[in-house]
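A structural walkthrough
Residues per chain are reported as follows:
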Amino acid sequence: MNITYDLHIHSCLSPCGHEDMTPNNIVNMAYIKGLDAIAVTDHNACAHVRVVSELATPLGLIVVPGMEVQTREEVHVLCYFPTVEAIEAFDLALSKWKTTIKNNVKAFGHQTLMNHEDKVIGEVEIALILSVDITINDLIDLVNQYKGVVVPAHVNKSANSILMNLGFIPQDLNISTVEIYEKSDLNDRLLKGFRRIMNSDAHYLEMIHEPEYTMTTESKSIQSIIDYLSGKGQL
Ligand SMILES: [Zn+2]
Ligand SMILES: [Zn+2]
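All values derive from a computational prediction rather than experimental measurement.

Scoring rules and cut-offs
- Residues numbered from 1 in each chain as written.
- Chains lettered and ligands numbered in written order.
- Predicted model: local features only at pLDDT ≥ 70, side-chain atom pairs only at ≥ 80, totals over all residues.
- Helix = DSSP H or I, 4+ residues; strand = E, 2+ residues; numbered from the N terminus.
- Rg over C-alpha atoms; globule rule 2.2 N^0.38 Å.
- Buried ≥ 20, exposed ≤ 12 C-beta atoms within 10 Å, placed from the backbone.
- Contact = placed C-beta atoms within 7 Å.
- Pairing = 2+ DSSP bridges.
- Axes fitted to C-alpha atoms, helices over the stretch in contact; angles between N-to-C directions.
- Parallel < 35°, antiparallel > 145°, perpendicular 65-115°, else oblique.
- Left-handed = near helix turned anticlockwise from the far one by under 90°.
- Nonpolar A, V, L, I, M, F, W, Y, C, P; charged D, E, K, R; others polar.
- Core = buried A, V, L, I, M, F, W, Y, C linked by C-beta atoms within 7 Å.

1. Section: the overall build of the protein chain
Looking only at helices and strands, one finds 7 helices and 11 strands in the protein chain. At 16 Å, the protein chain has a C-alpha radius of gyration in line with the 18 Å of a compact globule built from 235 residues. If you line up the protein chain on its principal axes, its C-alpha atoms span 45 × 40 × 35 Å. Every one of the 235 residues in the protein chain was classed for burial, and the buried ones make up 45%. In the protein chain, 71% of the contacts between residues at least 6 apart in sequence involve partners at least 24 apart.

Set out below in structure tokens:
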């Protein structure tokens, strides 16, 4: 079946995410737009995944647990998991590679934590804008341990992309799908054989995609989306 998606959305937990990107606003906007599946992928953090999932599930909106990790190479990598428990366990394991430097709110912005009612319940203290000191290879191994899948983010962007920072996608990385940034040119030759997805990378509510991009999955479920991103089924 064809499902519509936007699997790269930042909440107010990301220092660069707008304060209007609250759990309820994101879920309601995606629901109003008629998207089948979304992912909230904050920088190096997943503390809003559980609340967003719990708000979205009664509406029939799928939330794929996700995170946008910035690796030691300063490459942005989207990591998706089959369950909230899996991403939370992954996050715990990842924390030993995370920085201990505190966020500079004035320079980078707030890293706001909210509850089911969009009430502020705290702030993440470490600077999420800094790289996690893990290589792409080690990150992929770790994600796979928790039955997740990685998708290099905005590969055709001039900053924080695998093509810009490494020059190519190493074959041994075991990557099936890449994320294309719609506003940049594309080097088709370097991306031959990869499945492609297009997300909004929304930092503002109005940036969340209309249901214009689809993927063909076995069913309307998180696992089917993970399977698609893992390269299973027909291209
Ligand atoms: Zn990014
Ligand atoms: Zn992003």
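Read on, since the account is not over.
2. Structural notes on the sheet that holds strand β11 (residues 214-216)
If you walk across this open sheet you meet the 4 strands as β3-β2-β1-β11, and the pairing is mixed. Bordering the open sheet on either side are β3 (62-63) and β11, each of which pairs with just one other strand. Examined bridge by bridge, strand β1 (residues 2-9) and β11 share 3 bridges and lie antiparallel to one another. Bridge pairing links T4 to T214 in β11.

3. Some details on unusual backbone geometry
Phi angles above zero are rare outside glycine, and H154 is one such case at about 25 degrees. Residue placement: H154 occurs in the loop between β8 (149-152) and α6 (162-166). Of note in this structure, N174 is not a glycine but carries a positive phi near 60 degrees. Tracing the backbone through its elements, the reader meets N174 in the loop between α6 and β9 (177-180). Given 14 C-beta atoms within a 10 Å radius, N174 is considered partly exposed.

4. Thoughts on the sheet that holds strand β4 (residues 66-70)
The strands making up a sheet are joined through hydrogen bonds of the backbone, oriented either antiparallel or parallel. If you trace the 3 strands from one edge of the open sheet to the other, you get β4-β5-β8, paired in antiparallel fashion. With partners counted over all chains shown, the strands left at the sheet margins are β4 and β8, one partner each. Mean inter-strand twist for the sheet, computed between neighbouring axes without regard to direction, equals 30 degrees. Each of β4, β5 (76-80) and β8 is contacted by helix α5 (residues 136-145), which is oriented at about 145 degrees to β8, the strand it contacts most.

5. Section: the pairing of β4
Most of β4 sits inside the fold, with 5 of its 5 residues counted as buried. Of the two faces of β4, the one lined by G66, E68 and Q70 and the one lined by M67 and V69 are each fully buried. Across 5 bridges, β4 lies against β5 in antiparallel orientation. What sits directly across from G66, in β5, is Y80. Once β4 ends, the chain turns through 5 residues before running back antiparallel as β5, passing E74 with a positive phi of about 65 degrees.

6. As for the packing of helix α1 (residues 23-33) against helix α2 (residues 49-56)
Where α1 meets α2, the closest approach of the two axes is 9 Å, and the angle between their N-to-C directions is 45 degrees. When the axes of α1 and α2 are compared, the pair comes out oblique. Seen from above, α1 lies across α2 with right-handed handedness. In this structure, α1 contributes P23, N24, I26 and V27 to the contact, and α2 contributes V51, V52, L55 and A56. Counted by class, the contact of α1 with α2 contains 7 nonpolar, 1 polar and no charged residues.

7. Some words on the nonpolar core
Residues A37, I38, V52, V77, Y80, V150 and V151 are the most contacted members of the largest nonpolar core, which totals 66 residues. Excluding residues within four positions of it along the chain, V150 makes contact with V77, L78, C79, L139, I140, V143 and I175.

8. Brief notes about the environment of R189
Here R189 lies in the loop between β9 and β10 (195-198). Between the alpha carbons of R189 and K157 there is a distance of 16 Å; along the sequence they are 32 residues apart.

9. A word on the pairing of strand β7 (residues 120-123)
The pairing of strand β6 (residues 112-114) with β7 spans 3 bridges and is classified as antiparallel. Following the sheet pairing, T112 is matched in β7 by E123. Hairpin remark: β6 followed by β7, antiparallel, with 5 residues in the connecting loop; positive phi at D118, about 60 degrees.

Function-wise, these values are silent; they only describe arrangement.
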